[in-house]
Amino acid sequence: MYVKNVIEKVKSNYPSQKEFHQAVEEVLISLSPVIDKNKKYQENAILERLVIPDREIHFRVTWVDDKGNVQVNRAYRIEFNSAIGPYKGGLRFHPSVHEGIIKFLGFEQVFKNSLTTLAMGGGKGGSDFNPKGKSDGEVMRFCQAFMNELYRHIGAHTDVPAGDIGVGGREIGYLFGQYRKLTNRFDGVLTGKGLSWGGSLVRPEATGYGCVYFAEEMLKERGESLEGKVCTVSGSGNVAIYTVEKLYHLGAKPVTVSDSKGMIYDEGGIDVALLKELKELKRASLEEYIKIKPQAKYTKISDYKEGSNAVWSIPCFAAFPSATENELNAIDAKTLLQNGCKCVSEGANMPSTLEATDLFLKAKICYGPGKAANAGGVAVSGLEMAQNASKHSWDFEVVDKHLHNIMENIFANSSQTAKEFGDPTNLVLGANIAGFRKVADAMIDQGIL
Ligand code: NDP
C-alpha cells in the first residue's frame with residue numbers, strides 16, 4: 001500500500017512526466033519485498049524523499065548561430081540525491097529533452113551509481129538543443145552559454161556532469177574550457193575529458209564494453225557464452241560502437257546497428273572501422289554504410305512495421321538495446337523471444353517498456369536492466385575522478401581490469417540479492433534492491449534532511 005501510494009502521488013503531482021512515472025513504477029514495485037520487511041524505510045519516509053530531487057535547476061541558454069540569429073534553449077541540471085557521494089550523471093543534448101526525461105534519468109542514476117560501489121550520488125542534466133547539423137562554432141557557443149549558468153552549481157566535490165546522448169568528447173571539451181575560464185580552476189569537474197587534460201583511458205569504451213561484460217556474466221552463470229553467437233545492437237553512438245567492438249573481442253558476431261533514421265543489417269557482421277568513421281568522424285547517417293558495403297541491408301524508419309523496431313526482428317542469441325528509452329516494446333520482446341533470443345543486456349537507459357521487461361522476466365532469459373548493465377560508463381567516470389584527485393593516470397589495461405571487476409561485482413551483487421528475495425533470475429529486483437539499500441541506509445544514518 002505504501003509503495004502504491006507513493007507511485008500514485010508521483011503521477012498526480014507530475015501528470016505530464018510519463019518517463020519519470022515509468023522509472024519510478026519499475027523501481028518502487030520491485031522494492032516492495034524489502035520495504036515490507038523493514039519498517040524503518042517507511043518510518044523515515046525514504047520513498048517519498050527519493051522521488052523528489054534534492055534540487056532542480058532550470059535555466060535559459062541564449063547563444064548566437066552562424067547567421068547571427070539569437071537562439072534560445074531550455075536547460076536543466078537535476079541534482080537528485082547525494083547521500084553516498086557528489087551528484088554524478090551525464091548531460092543530454094537532444095530536442096526531445098524536457099524535465100520528465102531528465103528526472104527519469106536522474107532517478108535511475110541514483111541506483112546505478114550505488115551499484116558501482118563507488119562514492120557517487122545521482123544527477124542528470126541537459127537541454128533541448130540539437131547538436132545535429134550545427135557547425136563546431138555553433139556547438140561551442142552553445143556549450144559556453146550553457147556553462148555560463150551551470151558553473152555555479154557544479155564542482156569536483158559537489159556535482160560532476162559527463163556526456164550522454166548528443167554530448168561527446170567535443171562538447172565536454174567546450175564545456176570544460178568555459179568552466180576553467182570562468183572559475184580559474186583546473187578541477188575534475190566533468191568526466192569524459194580528453195586524455196591530455198585529465199581524461200581517463202577506457203572512458204569512451206566503458207559503457208559498451210561494460211554492457212558486454214555484464215552479458216558475459218549473466219550467461220556464464222548458465223554455462224553459456226557469447227562466442228560464435230549472432231547478436232543485434234541498436235543505436236550507433238558511443239554505447240553501440242563499443243558494444244559492437246567488444247562483441248567481436250569475445251568472438252560474437254554483431255549484425256545490426258541503427259540511428260534515428262533507420263537500421264543496417266549486415267549478415268557478415270558490422271564493420272566497426274566503417275561505423276566509427278561514419279559516426280565518430282563524419283557524424284553521417286547510416287545510409288552511407290551501404291554505399292561502401294552494398295551487401296548490407298538498410299531499412300528506413302518509415303519502412304519499419306507499424307509499432308515495432310526493425311532491429312529486434314532480426315533473429316539473434318543476444319540483444320543489446322543501445323539507442324534510447326522505450327525503443328523495445330512488447331511486440332519487439334515477443335518477436336525476440338519467438339526467434340530464440342536468450343539474453344538482453346541494456347546499454348541504453350530504460351530501452352525496454354514495462355510490458356517488454358515483464359515478458360523477459362517471465363521467460364526467465366538473461367535480462368540485464370540498464371541501471372546494472374550500463375553502469376560501466378559511470379563507473380569509469382568514477383575512476384576518472386579518482387585519477388584526477390590523485391593526479392595520476394592509469395594504463396588502459398588497469399582501467400579495463402577495474403571496469404571488468406566492477407561489472408562482475410554488479411552482476412554478483414544483483415544476482416545474490418535476487419536470490420535472497422526468492423526470485424533468482426530477476427535482476428531487475430536484484431539490482432534495484434541492492435542499489436536502494438545502500439542509499440536508503442545512508443539517508444537514515446545521516447538524519448532527517
Ligand atoms: P549518442 O548520442 O552517442 O548515440 C545515440 C544513438 O542513438 C545514435 O545512434 C542516435 O541516432 C540514436 N538515437 C538517439 N535518440 C534516438 C531516437 N529517439 N530514436 C532513434 N534513435 C535514436 O548517445 P550514447 O551512445 O551516449 O547513449 C545511448 C544510450 O545509452 C542513451 O540511452 C544513454 O542515456 C545511455 N547511456 C549512455 C552512457 C554513456 O556513457 N554515453 C552511459 C549509460 C547509459 P543519430 O545518430 O541519428 O542521432
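This structure is a prediction, so every number in the text was calculated from the model and none was measured. (Residues numbered from 1 in each chain as written. Predicted model: local features only at pLDDT ≥ 70, side-chain atom pairs only at ≥ 80, totals over all residues. Heavy atoms only, no water.)

Every buried residue of helix H13 (residues 354-363) is accounted for by Ala356, Thr357, Phe360 and Leu361. Axial view of H13: buried residues confined to an arc of 135°, hence all on one face. Packing partners of the buried residues in H13 comprise helix H12 (330-338), strand S12 (343-345), strand S13 (366-368) and helix H17 (427-445). In the segment just after H13, lysine 364 is the residue with positive phi, at about 55°. (Buried < 20%, exposed > 50% of the residue type's maximum accessible area, 1.4 Å probe, protein only. Helix = DSSP H or I, 4+ residues; strand = E, 2+ residues; numbered from the N terminus. Arc of directions from axis to C-beta. Contact = heavy atoms within 4.5 Å.)

For the rest of this paragraph, the subject is the sheet that holds strand S10 (residues 297-300). Note on sheets: strands pair through backbone hydrogen bonds, and any given pair is parallel or antiparallel. On the basis of which strands lie adjacent, the open sheet formed by 3 strands has the order S8-S9-S10 and antiparallel pairing. Only two strands of the sheet have a single neighbouring strand rather than two, namely strand S8 (256-258) and S10. Averaged over neighbouring strand pairs, the angle between their axes works out to 15° when direction is ignored. (Pairing = 2+ DSSP bridges. Axes fitted to C-alpha atoms, helices over the stretch in contact; angles between N-to-C directions.)

Attention now moves to the pairing of strand S2 (residues 70-81). By the bridge criterion, 10 bridges tie strand S1 (residues 55-64) to S2 in an arrangement that is antiparallel. Within S2, the residue paired with glutamate 56 across the bridge is isoleucine 78. Where S1 folds back onto S2 in an antiparallel hairpin, the turn is made up of 5 residues, including glycine 68, whose phi is positive at roughly 90°.

Once the domains are mapped, the protein shows domain 1 (53-186) and domain 2 (206-373). Between the C-alpha centres of domain 1 and domain 2 the distance comes to 27 Å. Taken together, the contact between domain 1 and domain 2 spans 13 residues of the former and 10 residues of the latter. Summed over both sides, the interface of domain 1 with domain 2 buries roughly 970 Å², with 48% coming from carbon and sulfur. Together, Phe104, Glu108 and Lys112 form the three largest contributors to the area buried by domain 1 at its contact with domain 2, with a combined 46%. Joining domain 1 to domain 2, the criterion identifies 2 salt bridges. Measuring nitrogen to oxygen at the nearest pair gives 3.4 Å for the salt bridge that ties lysine 371 to glutamate 108. At 7 residues, the largest contribution of residues to the side of domain 1 that touches domain 2 is made by helix H5 (residues 99-115). Among the residues forming the side of domain 1 that touches domain 2, the class breakdown is 6 nonpolar, no polar and 7 charged. (Domains from an automatic or database assignment. Buried area = accessible area lost by both parts, 1.4 Å probe. Salt bridge = Lys/Arg side-chain N within 4 Å of Asp/Glu carboxyl O. Nonpolar A, V, L, I, M, F, W, Y, C, P; charged D, E, K, R; others polar.)

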